[in-house]
Amino acid sequence: MIETTKNSLRLSANAIALRTAGLSSAIFTLAALAGGSLGISTALAALASLVVAGLAFRDRRPLSGRVVTTGERRQKHAFGPAAVLAALPDPVVIVDRRGLVVDANRAAIAVLPGLRNAHPLSFALRAPDVLDGLDRVVKGGKAEAVEFVERVPVERAFEVHIAPLSDEAGADAGRAGAALYFRDLTPARRLEHMRVDFVANASHELRTPLASLMGFIETLQGPARNDAAARERFLTIMREQAQRMARLIDDLLSLSRIELSVHVQPTAIVDVIALLRHMIDTLSPLARERGVEIVLEAPPGPVNVRGERDELLRVFENLIENAVKYGEGGGRVDVRVATTAPGSGGGEVSVVVRDYGPGIAPEHLPRLTERFYRVDVAASRGKGGTGLGLAIVKHIVMRHRGRLAIASDVGRGASFTVTLPALGDESQN
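What comes next is a walk through the structure. These numbers come from a predicted model, not from an experiment.

## Observations regarding helix α10 (residues 309-326)
So, step 1. End to end, α10 covers 26 Å across 18 residues, agreeing with the expected 26 Å (1.5 Å per residue, within 8%).
So, step 2. Listing the buried residues of α10 in full gives Glu311, Leu312, Leu313, Val315, Phe316, Asn318, Leu319, Ile320, Ala323, Val324 and Lys325.

## A few points about the pattern of salt bridges
So, step 1. Evaluation of the coordinates by the stated rule reveals 12 salt bridges.
So, step 2. Of the charged contacts, one joins Glu147 and Arg189 as a salt bridge, the two residues approaching to 2.8 Å between their closest N and O atoms. Separated by 42 residues along the polypeptide, Glu147 in strand β5 (residues 144-150) and Arg189 in helix α7 (residues 186-221) bring together distant segments of the chain.
So, step 3. With a shortest N-O distance of 2.5 Å, Glu159 and Arg183 are connected by a salt bridge. Taken together, the residues Glu159 in strand β6 (residues 156-165) and Arg183 in strand β7 (residues 177-184) connect sequence positions 24 residues apart.
So, step 4. Overall, Arg183 belongs to the partly exposed group, its relative accessible area being 21%.

## Describing the packing of aromatic side chains
So, step 1. All chains considered together, the criterion is met by 4 aromatic pairs.
So, step 2. Arranged with centres 6.3 Å apart and planes meeting at 85°, the rings of Phe148 and Phe182 form a pair that is edge-to-face. Pair noted here: Phe148 is in strand β5 and Phe182 is in strand β7, with a separation of 34 residues, a long-range link. Phe182 shares its class with Phe148; the two are buried.
So, step 3. Measuring from ring centre to ring centre gives 6.2 Å for Phe158 and Phe182, while their planes differ by 85°; the resulting arrangement is edge-to-face. Of this pair, Phe158 sits in strand β6 while Phe182 sits in strand β7; the two residues are 24 residues apart in sequence, bridging distant segments of the chain. By the burial criterion, Phe158 is buried, and Phe182 matches it.

About the thresholds
- Residues numbered from 1 in each chain as written.
- Predicted model: local features only at pLDDT ≥ 70, side-chain atom pairs only at ≥ 80, totals over all residues.
- Heavy atoms only, no water.
- Helix = DSSP H or I, 4+ residues; strand = E, 2+ residues; numbered from the N terminus.
- Expected span 1.5 Å × (residues − 1).
- Buried < 20%, exposed > 50% of the residue type's maximum accessible area, 1.4 Å probe, protein only.
- Salt bridge = Lys/Arg side-chain N within 4 Å of Asp/Glu carboxyl O.
- Phe/Tyr/Trp six-rings, centres within 6.5 Å; stacked < 30°, edge-to-face > 60°.

Right, here's the structure in full:
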């Protein structure tokens, strides 16, 4: 099918693509500049829009006698505004003047799963400041930048740039609206908190071993300079203190990295049963040394979850190693895996690590996952603990959209339960 394009047309498809792409480029470039910086993602988005604008401009020449084929029309539509919107890496939502969603890219749907075309934006976004700013913009106001914090499922901070959109004079006024560009501030905020927390925690926890090292060094340089027995004893203690500082720094760095990415849910597929078998094999020498038997009770076959393998290994390593060390008096550690059938909220996988040691008093249970909180400081340090193990476990479980539950009775041991969303049948596809 062949169609002849006439010069008398007031608005060609190429002109529409030009204006839309150019407007997209201007919106996202100005939005980034309004935030004080031009990020890589925003720059790429603006560049993509400019490229599309250039393609459209290249074809804006007199069309007298030119024949446009169906294949050419399809190629033009492939590079239209919808394709540009879909290619943007950051969340973008387009609404009309009534606040109804006209279009949104995949990144926006990932942040706001409730987005639906022709539905009010307020159905998916419960942020009064953003909605009030949008109302002002569509009523003729200037572009605005509004911050809001999302609390569920994890805390995330965004800066939303709201820019007005309108057609040329004489066009359909009902198509006027606004574009909302979401800039994720979460990594920057978490990085700042990480720096502050690291300095505060490191200075507090490193003070004691550093003071010990300095004292031993002064003694070896002075009174014990020629005392071989004292030198060997002091060097052994100094080595232990240095190892303690190394473990502490490693745990602090691990915790900071996990907190920095806690809002990013893992996407890999991991078999929980295989992880547990691997970790039990790794910790078996420690268990035998302390006279403890580790027993695994799990269903046959793989039990898959969506997660980060190394992080889940860290979770089970902390829980099983703690059960072996602090519950060694019971002589046994049970590791049990259970699954629940998918319901309205989906299936779940629960891993319970139980020891039969002295247990934990009720007043300590709510604070066990706090940084550096210890039930018995001397016992914890004597067993090589840094006070960060359960804090790391909690944050990894949060990143995996799971739950951590702790229960204990004094004299009857303690149990730690990690519950994760099950992957289900999709892992087989």
